[in-house]
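# Survey of secondary and tertiary structure
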Amino acid sequence: TLKNNTEMEAVHEFHRGTLIHPGVIVGDLPCDDMNFGRASHCIAALEAPVDEYKSRLQTVREAMASLGLDVLCVKNEDLRYMTGFHTLGDSQPQTLLVPLEGRPVMVARLLETNLVEKYTWVSQWWSCLDSADPTKVFAKALESVLGSKDGGTANVGLDLNQVSVREHMTLQESNPQVRFVDSNGLVEKIRLKKTPFELTNIATAMEQTKVGIVAGLAASRRGALLSDIYLTALQAMFKAGCSEPAYMPIIRSSDPSGHGTWEVYERCGVDSGIVFIELSGNHKGHHAPRMQTAFLLSDGEDTLPDWIMEAEQKINEVFDTCLPMMKPGVKPSEVDAVAKRIMNSNTFNGVSSARLGYTVGGTATAPAGNAGWGDACFSISMNNHIPFEENMVFHFIPWFEVSEGPHRGPVGLSDTVVVTAEGARRVGGHKLQIIPLLPSGDPAHRLLVDNVDESACLSSDNASGVHPDVMLAMQRCNIDATLAYGGDKYTASAIRCLKSHFGDDVDAYIVGTGTAANVLAISSLIRPYQTILCSSVSHLATDECGAPERFCGCKLIPIYTHDGKLTPESLLPFAVQLLPIPHRSQPGIISITQPNEFGQIYTADEIRKLVNFAHNHSFLVHVDGSRLANAVARLDATFKGLTFDLGVDVVSFGGTKSGLEGAEVVLFRKPNPDFKYVRKQGMQLLSKVRFAAAQFTEWLGQSELWFRIATHAHDCAIYLRDCLGKVAGFSITRPVETNMVIFSCPVEILEALRAEYRFLVLSTAPVECRLVTSFLTTRGQIDRFVSAATEAVANCQNGGHSIPQNRPPDEEENSILSPYTGNVVGRYVYESFETVTEKISNAHVAQKQWELLKPSQRIAVFTEQLDVIISTMDSVVIQFAKEVGKTVSAARQEIEAGVGKLRYLAKIAQESTQAITPAYTEEGDFSYLIQKPAKGVIYTIAPWNYPFFTALNSIGPALLSGNAVILKHETTPCVGEFFQKVFNTMGGISGLCQHVNVGIETSNDIIQKGDIHHVVFTGSVLGGQAIYKQVARRAANTFLRNPFIRVSVELGGSDAVYIAADADIDHAVNMVINIGRLHNSGQSCCSIKRAYVHKSVENEFLRKSKEAMESHVLGDPLDEKTTLGPLHGGRKAVTALKAMVDDAVSKGAQVITGGRIVERDTCAFIEPTLLTHVSPDMCVLQQEVFGPVLPVITVESDEEALGYINHAYYGLTTSVFTQNKKLVDDFISNSDSGTVFVNWCNDVHAQVCWSGVGHSGNTAAALSNGGFDELTKRKSVVSHKFRIA
């Protein structure tokens, strides 16, 4: 009975319950399904759809039937799973009684019954006052549910782990006809397999977890309390929509255990140390945990310790190895054993966790309560032999406890994973890394996100994302509803903050994009008949898609200056033309970019002079300040002092490039009340502008985040400048004043580098590229970029010649890898500079003796050795083919054809080296003679693509004219040794042709310090530049007898061919495709790389070219059936070439044949590829295509073809196929190349000079008489006839 009337009134006031027994109250709500519960229209708020709950109930009843249960008692997290019920109060009394048939009944505390009605589908509940015994109420409810069972014993499932012994005894006494069966884990096992609805909720919970981790990392800095990190992470999850965390955040530093939460008194790494964060969001009762470890570095550190990098590697190895194993049918114990083996192989004494994972994703009953971990019935551990099933969800937790060494703590990188037929997949989506943090909390080497894409890390500061502090500021203003369109406290605070930096009198208007800030600012101050003057490289001129002209309706005049900065002198010629007459545009606005697109800063004095000039000529001044913060930080100025104090009229002030998101502001020196209308018409009055406003307040606030970001970015730019400037072939072309590094390198090297990294190419003639650093840039990223640049240099194949790798100091062996198999096919010992110096000395002795021989004697001895080449070439041809990757037949043909060229050179040697008597000399007292003595020792650096051909071009004329040769053939040493074997000893003289096996460093020493007289280099433009640098350094070496030496370079090509309307197409196709493009797999400096075809023969040429390409066989160069061997640069070269094809296709080109990467054994090939609809902006026309790819361009006329031929910067050869004599003459006279082929291509004839112009060479001649002229001196003899005895 109720104790008094007051208590009875309280019951009726609280609920509509009916008192059916002393102290027992029953609520009975409308029900439309006698086997389920309440009518669906009466349900106020369910976490899941009704059908989801019906499905769960049906599954549970099927499990009950299999166990012979009449009723099942469901409590705790199982209760939430079944009904949606959860409470902050005592959860023990709350129980769902589920009969096999009929309505389930809920037993709950009286104070919780309103939750039953509000959040569940249950239609009947039983309760009692707190003064009554809840166990007796439970017994009465159970008796009611069993009332329909006729006699006999009823089996009731009860989880004995969730009830006390006393409760069990009381229930048994109250229900003697009941047999209680332990049902521990019945519902929990059902919950292990997630439905699509549950998986969706888990994915949403993971997004909350990620937000919390990022926020926690952002709060991790020197001196931060662990409670600070805890509360920051928790708050961020709440703001991301987490209704209640599945469990309290776990934040650890020096404690090696990963369990627990936080201690207010403990500080996060006084100097450095581990910061461990484990969180789990919760969406509609489903959660998704994750662990993240960071490492707080000490002052001066910028890299993680080796042991923690090893921990990361081991953890990710476990993920990579074990997740594919987690398929239905596999036992967890098997996965655990593999993981333990990996984890226990660590060398830093880390102790791996006792279990590898546990089931998650289920409901949570309370913030500090159970999270449905499922440990009782399922974990990934050595003792669990129950197979996985599809859609099971686990917290996969490979982590270490580190209790030894200077840094103790837990190290873990975990994720929520889902079992699928293909193996487990990450819910988090991406591999995690340990995050190095500077003492300030800023990231050191990696980003605070999972999906790190380093290809864009230096492309732009727009690519850097949002600074974590700024993100938190946005989250803080996401708590409540507030007025829109700027009528909120956050916008008011931002405006006050902006005024504190720019002046109290300024007008400030927030907009969403930099284009809007520029265009709307100018349009509000200018009339359509006025003029905008700006730099030719400014965004206004190049990157606003014509928006200034459209919205302002006025004339825009881009002005070129070398450094991109405007000056009064550069503006004057344009300003004086704007006369105050109706026929001329009138002065309007001068816009400057601060800093500009080259990273150059306007000083305060420069701006003052510009403002004075502008105002004196009736212009206003606009500053595009998208990176203004960088300039202010570098000049140690103030925002006001660098703008409005100097008289600037309007500023477009940007934060997006400095760690903000969509946050720009227009600032006027004088009030501009009309701008609010301009902004609205310009579609930039943002509804939720508070999110942009909050960013400005955080960025410009007391923490001076803007200054820290700008300073960090500049420091990174200086580091990048210093590192990249040391790479051969790279030069820094402009001063680094802010966060931009402008560099130059040969055109061909960009192909490999841009295949890995994205960056802006400002200009191609000359080449200038831009790299941009940001708040997220790290030294590690810079190191990896510089490493990629260095590798690109080493593998550069322009003209068929890779630049030799720098040899590590401790490397003594030059291992040559087969381009086809990747296996070592040759091992050669590197030589020191001292050894080479001795060889050069021997060469000097030999050269003196060799030169004393009569030319006829040298020629005779030399010619004899040509027969030796033919008779012994079988000893080298196989190795030759292996090292280069060309077919055996091609290697043999190269040697045989090369001998033919040498025979011709021997025939003309005497004539080419004999003294010359000048013509047209008048009779008199003097006689004249020009002698051609040998230079001395010639240093020849030969490439890999035609190692015999290219080397003989200098070896032949050098030896025949009386020189000695030092030959470097690092990439195909077998050919170098063959030359030495044939030519080193002739006429009893040894030391005439010696091969040296050296790397680039020793080679540089030879050029700078060796006693040589001429350098011959065949290779890339990059290599040619490097050679010239060494020759220039030699010139400064005054200790040398001959510091000033000449260099002959033959470099790459982008050779063009024109197929005229009257060309013999069959002949043209055979030459252009089989010889011109595909010979040597397309790896020839003078191969055809651009084909211009007259439209009248286009279809026939393309059809027959397609047939010719498809007839070739890719494969092992040692197989006689192979016609196209591998690319010498291997898979990387294939990938780079495919990227060029993809670039062309993305811009409109069509692939007629080929275009795919195919595999032969373990070797990658690109199919012979024919492209049409090619345009000049495509890489295949801008860069050298060094492989079997041919772009074809259709032309309307011969004149159009002539106009295209010289578009490339290379000038090695040009070819034309025609029967028209006039067209041939026009091509010969108009082609800016060393050789013109008529109805022929891609060939080298000893009868004529071989030379290149432009990027293809320095016009130095090889072969013919010119080749002898290059390698001989000129000695003039002037004799007076009366003075000779």
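Preceding this paragraph is the structure being described.
Values in this document were obtained by computation on a predicted structure and should not be read as measured data.

Secondary structure assignment for the chain yields 39 helices and 53 strands. Dimensions of the chain along its principal axes, counting C-alpha atoms only, are 155 × 85 × 65 Å. In the chain, which comprises 1285 residues, the share counted as buried stands at 59%. Across the chain, every contact between residues at least 6 apart in sequence was considered, and the portion connecting residues at least 24 apart equals 72%. Computing the positive centroid from 113 side-chain charges and the negative centroid from 141, the chain places the two 3 Å apart.

Attention now goes to helix H18 (residues 604–616). The terminal C-alpha atoms of H18 lie 18 Å apart, and with 13 residues this matches the ideal 18 Å at 1.5 Å per residue to within 8%. The inward-facing, buried residues of H18 abut helix H17 (568–575), strand E24 (586–593) and strand E25 (620–625).

This next bit is on the sheet that holds strand E20 (residues 435–437). One open sheet accounts for four strands, arranged E9-E10-E11-E20; its pairing is mixed. At either end of the open sheet lies a strand with only one pairing partner, and these are strand E9 (250–252) and E20. Across the sheet, the mean angle from the axis of one strand to that of its neighbour is 25°, orientation sign disregarded. Sheet topology places strand E10 (residues 273–283) next to strand E11 (residues 286–296); eleven bridges connect them, and they run antiparallel. Residue pairing in the sheet places Ile277 in a bridge with Gln292 of E11. Contacts from helix H8 (residues 196–218) reach E10, E11 and E20 within the one sheet, and its direction differs from that of E11 by about 25°. Here helix H9 (residues 226–239) sits on the sheet in contact with E9 and E10, set at roughly 25° to E10.

What follows is about a positive patch on the surface. A cluster of basic residues, Lys848, Arg1041, Lys1273 and Lys1275, forms a positive patch at the surface. Position of Arg1041 relative to the elements: it lies in the loop between helix H32 (1021–1035) and strand E41 (1046–1050).

Here the focus is the packing of H8 against helix H12 (residues 468–476). Between H8 and H12, whose axes approach to 9 Å, the crossing angle comes to 125°. Judged by the inter-axis angle, H8 sits oblique to H12. Every pair of crossing elements has a handedness; the one defined by H8 and H12 is left-handed. Contact with H8, carried on its side by Val211, Ala215 and Ala218, involves Pro468, Asp469, Leu472 and Gln475 of H12 and no other residues of that element.

Before going further, it helps to spend a moment on the nonpolar core. In terms of nonpolar packing, the biggest core is built from 61 residues, with Phe862, Ile869, Ile955, Phe979 and Phe983 touching the most fellow members. Within the residue set of this core, elements represented by two or more residues are helix H25 (833–852), helix H26 (855–872), helix H27 (874–884), helix H28 (888–913), helix H29 (947–960), strand E36 (964–968) and helix H30 (973–983). Of the residues forming this core, the biggest block, nine residues, is contributed by H28.

Moving on to the side chain of Ser626. Residue position: Ser626 is located in the loop between E25 and helix H19 (628–635). Setting aside residues no more than four positions away along its own chain, Ser626 makes contact with Ser652, Gly654 and Lys657.

Burial of the side chains of strand E32 (residues 813–817) is restricted to one face: Asn814 and Ile816 are buried, whereas none of Glu813, Ser815 and Leu817 on the reverse face is. For E32 and strand E33 (residues 824–829), the ladder comprises five bridges, and the chain directions are antiparallel. Its bridge partner lying in E33, Ser815 is registered against Arg827. Counting the residues in the hairpin turn of E32 and E33 gives six residues, including Gly822, whose phi is positive at 80°.

Quick look at the pattern of salt bridges now. For the coordinates displayed, the defined rule picks out 41 salt bridges. Notably, a salt bridge pairs Lys839 with Glu831, separated by 2.8 Å at the nearest N-O pair. On the basis of relative accessibility, which here comes to 14%, the residue Glu831 falls in the buried class. Here the salt bridges share partners, and the residues they tie into one network are Asp461, Glu597, Arg627 and Arg770.

Time to look at the sheet that holds strand E35 (residues 937–941). Here we have five strands laid out as an open sheet, ordered E39-E36-E35-E40-E41, and parallel in their pairing. Taken across any chain shown, the strands that pair with only one partner, and hence form the sheet edges, are strand E39 (993–996) and E41. Averaged over all pairs of adjacent strands, the angle between their axes in this sheet comes to 20°, without regard to strand direction. With four bridges joining them, E36 and E39 adopt parallel strand pairing. What sits directly across from Ile966, in E39, is Gln994. Here H29 sits on the sheet in contact with E35, E36, E39 and strand E40 (1014–1018), set at roughly 165° to E36. Lying on the sheet, H30 is in contact with E36 and E39; it crosses E39 at an angle near 155°.

Attention now goes to helix H34 (residues 1098–1110). End to end, H34 covers 18 Å across 13 residues, agreeing with the expected 18 Å (1.5 Å per residue, within 8%). If you check which residues of H34 are buried, you get Glu1098, Phe1101, Leu1102, Lys1104, Ser1105, Ala1108 and Met1109.

Further remarks concern the packing of helix H37 (residues 1198–1205) against helix H38 (residues 1221–1230). Contact pair H37 / H38: the axes reach a minimum separation of 10 Å and the direction vectors enclose 20°. When the interaxial angle is binned, H37 and H38 end up roughly parallel. In this structure, the crossing between H37 and H38 has a hand that is right-handed. Touching Asp1198, Leu1202 and Ile1205 of H37 are Leu1223, Asp1226, Phe1227 and Asn1230, all from H38. Taken together, the residues that form the contact of H37 with H38 break down as four nonpolar, one polar and two charged.

Taken as a whole and judged by the stated rule, the model has 31 aromatic pairs. Considering the side-chain rings of Phe348 and Phe400, the 5.1 Å spacing of their centres and the 70° angle between planes classify their relative orientation as edge-to-face. Of this pair, Phe348 sits in the loop between helix H11 (332–343) and strand E12 (351–352) while Phe400 sits in strand E16 (residues 399–402), placing them 52 residues apart in sequence. Both residues of the pair, Phe348 and Phe400, count as buried. The interplanar angle of 90° and the centroid separation of 6.3 Å between the aromatic rings of Trp944 and Phe1186 together place this pair among those described as edge-to-face. Placement of Trp944 in the loop between E35 and H29 and of Phe1186 in the loop between helix H36 (1179–1182) and strand E48 (1189–1195) is noted, with a sequence separation of 242 residues between them. One exposure class covers both Trp944 and Phe1186, and it is buried. An aromatic cluster is present here, built from Phe502, Phe639, Phe644, Phe653, Phe696, Trp699, Trp706 and Phe707 joined pairwise through their rings.

Cis rather than trans, the peptide bond between Gln594 and Pro595 has omega equal to -10°. Located in the positive-phi region is Met683, a residue other than glycine, with phi close to 60°. Its place among the elements puts Met683 in the loop between helix H20 (675–681) and helix H21 (690–700). On the basis of relative accessible area, Met683 is assigned to the exposed category, the value being 65%. A positive phi angle, close to 65°, is found at Leu1263, a residue other than glycine. With respect to the helices and strands, Leu1263 occurs in the loop between strand E52 (1253–1254) and helix H39 (1264–1270).

Rules of the game
Residues numbered from 1 in each chain as written. Predicted model: local features only at pLDDT ≥ 70, side-chain atom pairs only at ≥ 80, totals over all residues. Heavy atoms only, no water. Helix = DSSP H or I, 4+ residues; strand = E, 2+ residues; numbered from the N terminus. Buried < 20%, exposed > 50% of the residue type's maximum accessible area, 1.4 Å probe, protein only. Contact = heavy atoms within 4.5 Å. Lys, Arg positive; Asp, Glu negative; His and termini not counted. Charge placed at Lys NZ, Arg CZ, Asp CG, Glu CD. Expected span 1.5 Å × (residues − 1). Pairing = 2+ DSSP bridges. Axes fitted to C-alpha atoms, helices over the stretch in contact; angles between N-to-C directions. Patch = residues over 30% accessible without salt bridge, like charges linked within 9 Å, V, L, I, M, F, W, Y side chains within 5 Å. Areas by Shrake-Rupley, 256 points an atom, 1.4 Å probe, with all protein chains shown as cover. Salt bridge = Lys/Arg side-chain N within 4 Å of Asp/Glu carboxyl O. Parallel < 35°, antiparallel > 145°, perpendicular 65-115°, else oblique. Left-handed = near helix turned anticlockwise from the far one by under 90°. Core = buried A, V, L, I, M, F, W, Y, C linked by side-chain atoms within 4.5 Å. Nonpolar A, V, L, I, M, F, W, Y, C, P; charged D, E, K, R; others polar. Phe/Tyr/Trp six-rings, centres within 6.5 Å; stacked < 30°, edge-to-face > 60°.

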